[in-house]
Amino acid sequence: MQLTLIVHSLRRNKLGALLIGLQIALTLAIVCNSLSIIQQHLRHMVRPTGFDEPSIWSLRNQWIGEPGDLKAKVLEDLAALRSVPGVIDAEATNSFPMQGSMWNTDLKLNPTQRFAASQTAVYFVDEHGLSAFGVKLAAGRWFAAEEVSDVHDNETKFPASVIVTRSLAQALFPHSNPLGKVVYFSETQATRIIGIVEQAQAPFTADIQEGSRVADVSFFPFRDLGNDTVYVVRTAPGQIASTMKIAQDKLFQLDPQRVVSAVRTFAQVRHSAYTSERKASVILAVVCGLLLTVTALGVVGLTSYWVSQRTRYIGMRRALGARRRDILGYFHLENLVIAGTGALLGIALGICGNLWLVSSFSITRMSAAFICGGAGIVLALCQAAVVWPALRAASISPALAFRNR
Amino acid sequence: MIWYYIELAIRSLKRNVALTLLVITAVGIGIGTCMTEFSVMYVLLGNPVPDKSSRLVVPQIDAWGPDSRSAPGGGAIELPDQLTYRDAMALMQGHKALRQTAMYGIGPNVTPSQGRPFHASGRAAYADFFTMFEAPFRFGGPWSPAEDAQHANVAVLSARLADRLFQHADAVGKTLTLDGRDYRIVGVLAPWQLIPRVYDMSQNAALDAEDVYVPFTTAIDRQLRHYGHDSCNSSPAPGWLGHLNSECVWVQFWAELPSAAAKSDYRRYLLGYVADQRAAGRFHWAPLAFVSTLPEWIAQKKVVPDEVKLGTLIALGFLVVCLINAVGLMLARFSGRAGELGVRRALGASRWHIFCQCLTESAIIGLLGGALGVGLTAIGQASERALDGGDGVVIRLLYSINQETVLMTVGAAVLATVCSGLYPTWRASRVQPALQLKTD
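Note that the structure is predicted; figures quoted are calculated from it, not measured.

Engineer: Help me understand the overall build of chain B, please; the structure alone is not making it clear to me.
Structural biologist: Secondary structure summary: chain B contains 16 helices and 12 strands in total. Compactness check: chain B gives a C-alpha radius of gyration of 30 Å against a globular reference of 22 Å for 440 residues, more than 25% above the reference. Principal-axis analysis of the C-alpha atoms places the extent of chain B at approximately 95 × 55 × 35 Å. Counting every position in chain B, which comprises 440 residues, the buried fraction comes to 43%.

If you want it as structure tokens, here you go:
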């Protein structure tokens, strides 16, 4: 009964209903897509790297002028770092998780393969790498001291043995045990996989960068002697702050002719690496909040306008026996009809929009939960927005029906 | 007549303050959000050297052949966006353009007269670089082409580094120690920042301008380490020379042509060079080379990050919702005034007059909404700066309100409001005077 009444009255207010329905549809489409994007950003931001994050800090070291025997100097520095009280282990490497500067390389399953089987980011490690990075060895073994060789500036070479992440191992050998298998980073050098690391994040934050996936990482048994080295220091729990200062002082005591920069804890690296994701999430969240507010205000405005237009008819219905509850219910139901239709349109719009976004940006498909959740939020909000005007309508006195305007 | 409309409009705006404020807020928030996002994109897509845009060109050479492109046939052919050292040197020697420069990013360490050495960002380039990209000098000037040829130990400093090292004094003629070696300072730039930093977008389009510039030839002699994007299709031979002679692409190259028309000549020259290389046995594929002008290059590179594009899109959607909201509110405003408009019609105002009057009202609302939008844009940009957590030159330039953005904001607000007010206005002007007078 109510429903036919509502449809009749909406027919007489086509434009208003159309506008508010359209607004609700767009709101839903934008909100569910935004929430889905925010969730993707958040997932990136909290993604564990596989390293012992709470106890690691790093710095970048360069010597000035003619440093002489770089190998001796690096070893001397590392020994000094390891001797700092509270330090578990330290090592020299070429890059750092999420930090942005990286070396990515192709790898093939046989030297004559035309296209690469996979791409990988590379960290240089020595025999201390396992304990300095705090990564977990899932299978095989870590490098021995005699396997580690020197790499000078502008020297590209590949090792005889490599340790890879589980993700990369599975991509290369999905159906067999990757341990002991041979891969090719260049046509001339066969490289044997001697260990598998549970997880390690590449030096970037995107899911894929320049063809390399974020979880596909290789460790090379190399000592970086390029005079631009990252020192990674792992400390006992809670010892980061105290070791940072002492370690730097020790390095400058050894040789003051150096530049130490980017002294940062893992947490600081993470914070700055995800600045743009964090910013984008905040902006999207704020816009969604504003959007929902504006739409709610729109519903309040339009419903109030209708109530004031229909004062006489509401009075008449009340005089003919409709209870306050019926009037209240009428406006809520009317809102549900409009918002529901708008939401249906919004779901369609949201899905189409998402398909387009996925095809033109590096984001993944929105899950159904966001569409349903978004629709739920929008419908609930509209119902809440209609409460106040509906209460005003319900309080209209039946006597108004007989008063002349 | 227009003053009469404005007077009437202000009166009627005052009459229904709540509804008026609601419309202004809706328009203001929508425009403010949109402009906060759009202004970043606008700066990033801007042309930082507008008077030379069609004369500054980037050459691209197919140094790796069709086999290096793993997805054959899919979309347009993409060539490496930098050159190998040997190709860059060949183009420098060819000297076919008015001006040209090969360059690469360096990261030397500066030893100040007092205090600890520190890391600086730098660029190795040819003398023409400064003229080509219109770098303004505070003291001195670029080094000479002769000094390029002599591999001279000279340097140009940024204003920031000069102020840090020499406390605002004229640094020209003084000595700068980079990586333990001395360079004579020939020039100090005035504060200078291109956005996007067109001459090298291999890593990021919005990076800070460098602190120190040295001749390319000197940097190569001194083996100044390359900081930037380096791409190889095969392992280079070891050592500095191995890298120079490799097929790795890592050198940026720009040429300034005498006229826009010279572009096709330059491309012909490039193709000729590539054909010669093929004849010499270096390439085994059909010669392929592109020449892009500066605006083409900006369009081709992904200058605007996905986050900014998405943010702008979402903000645009939000603006549309705000405007739909405004249409509804304006319909309510005008239909509530049917009686008054009916009286005006009955007293002889034509439909056109009513239409103009209502349109004036919309425009005034738009103006006020735009003013609110400018304020909100300023707040939005300040928050974005805070979220970026930096105070670099680039961040300040990316999020700044200038005359242009203010005009765009207010203009967009007025246009949007007038457009969204068209239908309500048209409806209001259809008022039947007799009908309205009768019911009242």
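Alright, that's what it looks like, and here's the rest.
Engineer: Where do I start with the overall build of chain A in this structure?
Structural biologist: Assigned secondary structure in chain A consists of 11 helices and 15 strands. Taking 2.2 N^0.38 as the reference for a compact globule, 405 residues should give roughly 22 Å; the C-alpha atoms of chain A span a radius of gyration of 32 Å, well beyond that estimate. Overall, the C-alpha framework of chain A stretches about 105 × 50 × 35 Å when taken along its three principal axes. Residue burial in chain A is summarised as follows: out of 405 residues, 40% are buried. Counting contacts in chain A only where the partners sit at least 6 residues apart, residues at least 24 apart contribute 82% of the total.

Engineer: Which parts of the structure should I look at to understand the sheet that holds strand 15 (residues 258-265) of chain A?
Structural biologist: Strand-to-strand pairing in sheets goes through backbone hydrogen bonds, with the strands running parallel or antiparallel. All names here are of chain A. Spatially, 2-14-1-15 is the arrangement adopted by the 4 strands of the open sheet, whose pairing is antiparallel. The sheet is open, and its two edges are formed by strand 2 (87-93) and strand 15, each paired on a single side. Across this sheet, the average inter-strand angle for adjacent strands is 20 degrees, counted without regard to direction. Looking at chain direction, strand 2 and strand 14 (residues 229-235) are connected through 6 bridges and run antiparallel. Along strand 14, the bridge assignment pairs alanine 90 with valine 233. Strands strand 1 (56-63), strand 2, strand 14 and strand 15 of the sheet are contacted by helix 6 (residues 240-254), whose axis makes an angle of about 175 degrees with strand 15. Of the strands in this sheet, strand 1 and strand 15 touch helix 7 (residues 266-273), which is tilted by about 80 degrees from strand 15.

Engineer: Quick question: what am I supposed to make of the interface of chain B and chain A here?
Structural biologist: By a frequent convention, interface size equals the accessible area lost on bringing the separate parts together. With 43 residues of chain B at the contact, the number on the chain A side is 44 residues. When contributions to the side of chain B that touches chain A are tallied by element, the ones reaching two or more residues are helix 2 (17-44), strand 4 (118-119), helix 8 (239-244), helix 11 (306-335) and helix 13 (351-388) of chain B. Take the side of chain B that touches chain A: its biggest share by element is 18 residues, from helix 11 of chain B. Grouping the constituent residues of the side of chain B that touches chain A by class yields 22 nonpolar, 15 polar and 6 charged.

Engineer: So what exactly am I meant to see when it comes to helix 3 (residues 85-94) of chain B here?
Structural biologist: Residues separated by three or four positions in an α-helix point in the same direction, a consequence of the helix having 3.6 residues per turn. All names here are of chain B. For helix 3, every residue scored as buried is listed here: Tyr85, Asp87, Ala88 and Leu91. The buried residues of helix 3 all sit within an arc of 165 degrees when viewed along its axis, so they share a single face. Here the buried face of helix 3 lies against strand 1 (56-61), strand 2 (99-106), helix 8 and strand 11 (252-256). Of the residues trailing helix 3, histidine 95 is marked for its positive phi of about 50 degrees.

Engineer: I tried to follow helix 7 of chain A on my own but got confused; where do I start?
Structural biologist: Residues and elements named next belong to chain A. Residues Phe266, Val269 and Ala273 constitute the buried set of helix 7. The buried residues of helix 7 occupy an angular sector of 60 degrees when projected down its axis, which confines them to one face. Contact partners of the buried residues in helix 7: strand 1 and strand 15.

Engineer: Any chance you could explain unusual backbone geometry here in plain terms?
Structural biologist: Leave glycine aside and you will find that most residues have negative phi; peptide bonds, for their part, are mostly trans. Residues and elements named next belong to chain B. Of note, the amide linkage connecting isoleucine 195 to proline 196 takes the cis form, showing an omega dihedral of -10 degrees. In this structure, proline 196 sits in the loop between strand 9 (181-189) and strand 10 (212-215). Positive phi values are uncommon outside glycine, yet glutamine 223 reaches one of about 55 degrees. Position of glutamine 223 among the secondary structure elements: in the loop between helix 7 (216-221) and helix 8. Glutamine 223 gets classed as partly exposed once you count the C-beta atoms within 10 Å, which come to 15.

Engineer: I tried to follow the packing of helix 2 of chain B against helix 13 of chain B on my own but got confused; where do I start?
Structural biologist: Between two packed helices, what matters for the description is the angle formed by their axes and the separation of those axes. Residue and element names in this part refer to chain B. Across the interface, helix 2 lies against helix 13 with an axial gap of 6 Å and an inter-helix angle of 45 degrees. Here helix 2 is positioned oblique relative to helix 13, judged by the angle of their axes. Once helix 2 is placed against helix 13, the crossing between them reads as right-handed. Residues Thr20, Val23, Ile24, Val27, Gly28, Ile29, Ile31, Gly32, Thr33, Met35, Thr36 and Ser39 of helix 2 lie in contact with helix 13, whose contacting residues are Ile365, Gly366, Leu368, Gly369, Gly370, Leu372, Gly373, Leu376, Thr377, Gly380, Gln381 and Glu384. Split into classes, the residues belonging to the contact of helix 2 with helix 13 amount to 10 nonpolar, 13 polar and 1 charged.

Engineer: I tried to follow the environment of leucine 91 of chain B on my own but got confused; where do I start?
Structural biologist: Residue and element names in this part refer to chain B. With respect to the helices and strands, the residue leucine 91 is situated in helix 3. What makes leucine 91 buried here is the crowd of 24 C-beta atoms within 10 Å. Between the alpha carbons of leucine 91 and isoleucine 354 there is a distance of 69 Å; along the sequence they are 263 residues apart. Ignoring sequence-local partners within four residues, the contact set of leucine 91 consists of Pro59, Gln100 and Phe253.

Engineer: Could you clarify how one ought to interpret the pairing of strand 1 of chain A in this entry?
Structural biologist: Two faces, one strand: in a regular strand the side chains alternate between the faces of the sheet. Residues and elements named next belong to chain A. A large share of strand 1 lies buried, amounting to 7 of its 8 residues. By the bridge criterion, 6 bridges tie strand 1 to strand 14 in an arrangement that is antiparallel. Its bridge partner lying in strand 14, isoleucine 56 is registered against arginine 234. Alignment of strand 1 against strand 15, held across 6 bridges, turns out to be antiparallel. Residue pairing across strands places glutamine 62 opposite valine 259, the latter belonging to strand 15.

Engineer: Please explain the pairing of strand 7 (residues 161-165) of chain A as it appears in this structure.
Structural biologist: All names here are of chain A. A large share of strand 7 lies buried, amounting to 4 of its 5 residues. Both strand 7 and strand 9 (residues 190-197) contribute to a ladder of 5 bridges, which runs parallel. Looking at strand 9, one finds that valine 164 is bridged to isoleucine 196. Two elements, strand 7 and strand 12 (residues 217-220), share 2 bridges in a ladder whose sense is antiparallel. Note on strand 12: the bridge partner recorded for isoleucine 163 is phenylalanine 219.

Engineer: Please explain the nonpolar core as it appears in this structure.
Structural biologist: Taken as a class, soluble globular proteins show a tendency for nonpolar side chains to be buried jointly. In this structure, Leu28 of chain A together with Val23, Ala26, Val27, Phe318, Cys322 and Ala326 of chain B are the most contacted members of the largest nonpolar core, which totals 88 residues. Among the secondary structure elements, those contributing two or more residues to this core are helix 2 (14-46), helix 8 (275-309), helix 10 (324-360) and helix 11 (368-394) of chain A together with helix 2, helix 11, helix 13 and helix 15 (403-429) of chain B. Top element by residues in this core is helix 11 of chain B. It accounts for 16 residues. With sequence-adjacent residues up to four places away left out, cysteine 322 of chain B is seen in contact with Val294 of chain A together with Ala26, Val27, Ile29 and Gly30 of chain B. One finds Leu56, Tyr85, Ala289 and Tyr399 of chain B within the second-largest nonpolar core, a separate group that totals 77 residues.

Engineer: Whenever I open this one, the confidence of the model for chain B confuses me. Can you help?
Structural biologist: Where the model shows low pLDDT, its predicted coordinates should not be examined in detail. Model confidence for chain B is summarised by a mean pLDDT of 89, while 97% of its residues fall at 70 or above. Of the two predicted TM-score estimates for the complex, the pTM is 0.87 and the ipTM is 0.86.

Engineer: Hey, could you run me through the packing of helix 2 of chain B against helix 15 of chain B in this one?
Structural biologist: Residue and element names in this part refer to chain B. Running from N to C, helix 2 and helix 15 cross one another at 140 degrees; their axes reach a closest spacing of 10 Å. Classified by the angle between their axes, helix 2 and helix 15 sit oblique to one another. Judged by the twist between their axes, the crossing of helix 2 over helix 15 is right-handed. From helix 2, Val27, Ile31, Met35 and Ser39 reach across to helix 15, where they touch Thr405, Met408, Thr409, Ala412, Ala413, Ala416 and Thr417. Here the contact of helix 2 with helix 15 is composed, by residue class, of 7 nonpolar, 4 polar and no charged.

The rules behind the values
Residues numbered from 1 in each chain as written. Chains lettered and ligands numbered in written order. Predicted model: local features only at pLDDT ≥ 70, side-chain atom pairs only at ≥ 80, totals over all residues. Helix = DSSP H or I, 4+ residues; strand = E, 2+ residues; numbered from the N terminus. Rg over C-alpha atoms; globule rule 2.2 N^0.38 Å. Buried ≥ 20, exposed ≤ 12 C-beta atoms within 10 Å, placed from the backbone. Contact = placed C-beta atoms within 7 Å. Pairing = 2+ DSSP bridges. Axes fitted to C-alpha atoms, helices over the stretch in contact; angles between N-to-C directions. Nonpolar A, V, L, I, M, F, W, Y, C, P; charged D, E, K, R; others polar. Arc of directions from axis to C-beta. Parallel < 35°, antiparallel > 145°, perpendicular 65-115°, else oblique. Left-handed = near helix turned anticlockwise from the far one by under 90°. Core = buried A, V, L, I, M, F, W, Y, C linked by C-beta atoms within 7 Å. pLDDT = per-residue confidence, 0-100.

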